[in-house]
Amino acid sequence: MSATTFHRLILTLGFLSLFHAAYSAAQHRSYLRLNELEFTGLPLDITIQTIASFFVIMYGVLYIAGDFKEIKASADLENKTWETFRNISSFYMFNHRGKAFSPNYKPLKTKCLLDIAD
């Protein structure tokens, strides 16, 4: 389903019709206020135009948006093995006592406060 000029025209007409229905509803309310009448509801023609406009807009949006794609929850998990499934990067720790076993390790020279001076 490709978005053709026809479908874009349908969508534009749907929005114009919806805006016209909204303007008609506002005009109806102002008419009731000027004549000091009680508001009981919108006239049937405005209600039908609003509902029809929504359906026309939905039709146009569905053709312009294109084909729907499947949502796959397991898409990221397909490439992982059981060994790397629990391998979470937020648990990586690089500052630990195992570095003392490295041949390049040089301990820090700090003076302990509890050392008794000779």
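Description of the structure in this document. Each chain has its residues counted from 1, following the order in which its sequence is written. Totals for whole chains, interfaces and linings use all residues, but because this is a predicted model, local features are given only for residues with pLDDT of at least 70 and pairs of side-chain atoms are given and counted only at 80 or more. In computing side-chain properties, one takes all heavy atoms of the structure into account and sets aside hydrogens as well as water.

Our next topic: the packing of aromatic side chains. Any two rings among Phe, Tyr and Trp, with Trp reduced to its six-membered ring, count as a pair given centres within 6.5 Å; such a pair is stacked if its planes are under 30 degrees apart, edge-to-face if over 60, and tilted if neither. Going through the model one piece at a time under the given rule, you end up with 2 aromatic pairs. Ring centres 6.4 Å apart and planes at 25° place the aromatic pair Phe 15 and Phe 19 in the stacked group. With a gap of 4 residues between them, Phe 15 and Phe 19 both fall in helix α1 (residues 5-34), about one helical turn apart. Accessible area is worked out with a 1.4 Å probe on protein chains only. A residue is then buried under 20% of its type maximum, exposed over 50%, and partly exposed in between. You can call Phe 19 exposed: its relative accessible area is 57%. An angle of 55° between the planes, with centres 4.8 Å apart, marks the rings of Tyr 59 and Tyr 63 as tilted. Taken together, the positions of Tyr 59 and Tyr 63, both in helix α2 (residues 44-65) and 4 residues apart, correspond to about one turn of that helix. The exposure class of Tyr 63 is partly exposed, given its relative accessible area of 25%. As a reminder, the over-ring test applies to NZ of lysine and CZ of arginine, requiring each to be within 6 Å of the ring centre and within 35 degrees of the ring normal. Sitting over the face of the ring of Phe 39, Arg 29 holds its NZ or CZ atom 4.4 Å from the ring centroid. Secondary structure is summarised from DSSP: a helix means a run of H or I of at least four residues, a strand means a run of E of at least two, and numbering begins at the N terminus for each.

Here we take up the environment of Ala 25. With respect to the element layout, Ala 25 can be found in helix α1. Given a relative accessible area of 16%, Ala 25 falls into the buried group. In this structure, the C-alpha to C-alpha distance between Ala 25 and Ile 46, residues 21 residues apart in sequence, is 6.8 Å.

For the pair α1 and α2, the least separation of the axes is 8 Å and the interaxial angle reads 155°. Considering their axes alone, α1 and α2 lie roughly antiparallel with respect to each other. In terms of crossing hand, the pair formed by α1 and α2 is left-handed. When grouped by side-chain class, the residues that make up the contact of α1 with α2 number 14 nonpolar, 10 polar and 1 charged. The angle between two axes is taken between their N-to-C directions and runs from 0 to 180 degrees, where each axis is a line fitted to C-alpha atoms and a helix contributes only its stretch in contact. By definition in this entry, angles of less than 35 degrees are roughly parallel, angles greater than 145 are roughly antiparallel, angles of 65 to 115 are roughly perpendicular, and the rest are oblique. Two helices cross in a left-handed way if the nearer one is turned anticlockwise from the farther one by less than a right angle. They cross in a right-handed way if the turn is clockwise. For this classification, the nonpolar set comprises Ala, Val, Leu, Ile, Met, Phe, Trp, Tyr, Cys and Pro, the charged set comprises Asp, Glu, Lys and Arg, and every other residue, Gly included, is treated as polar.

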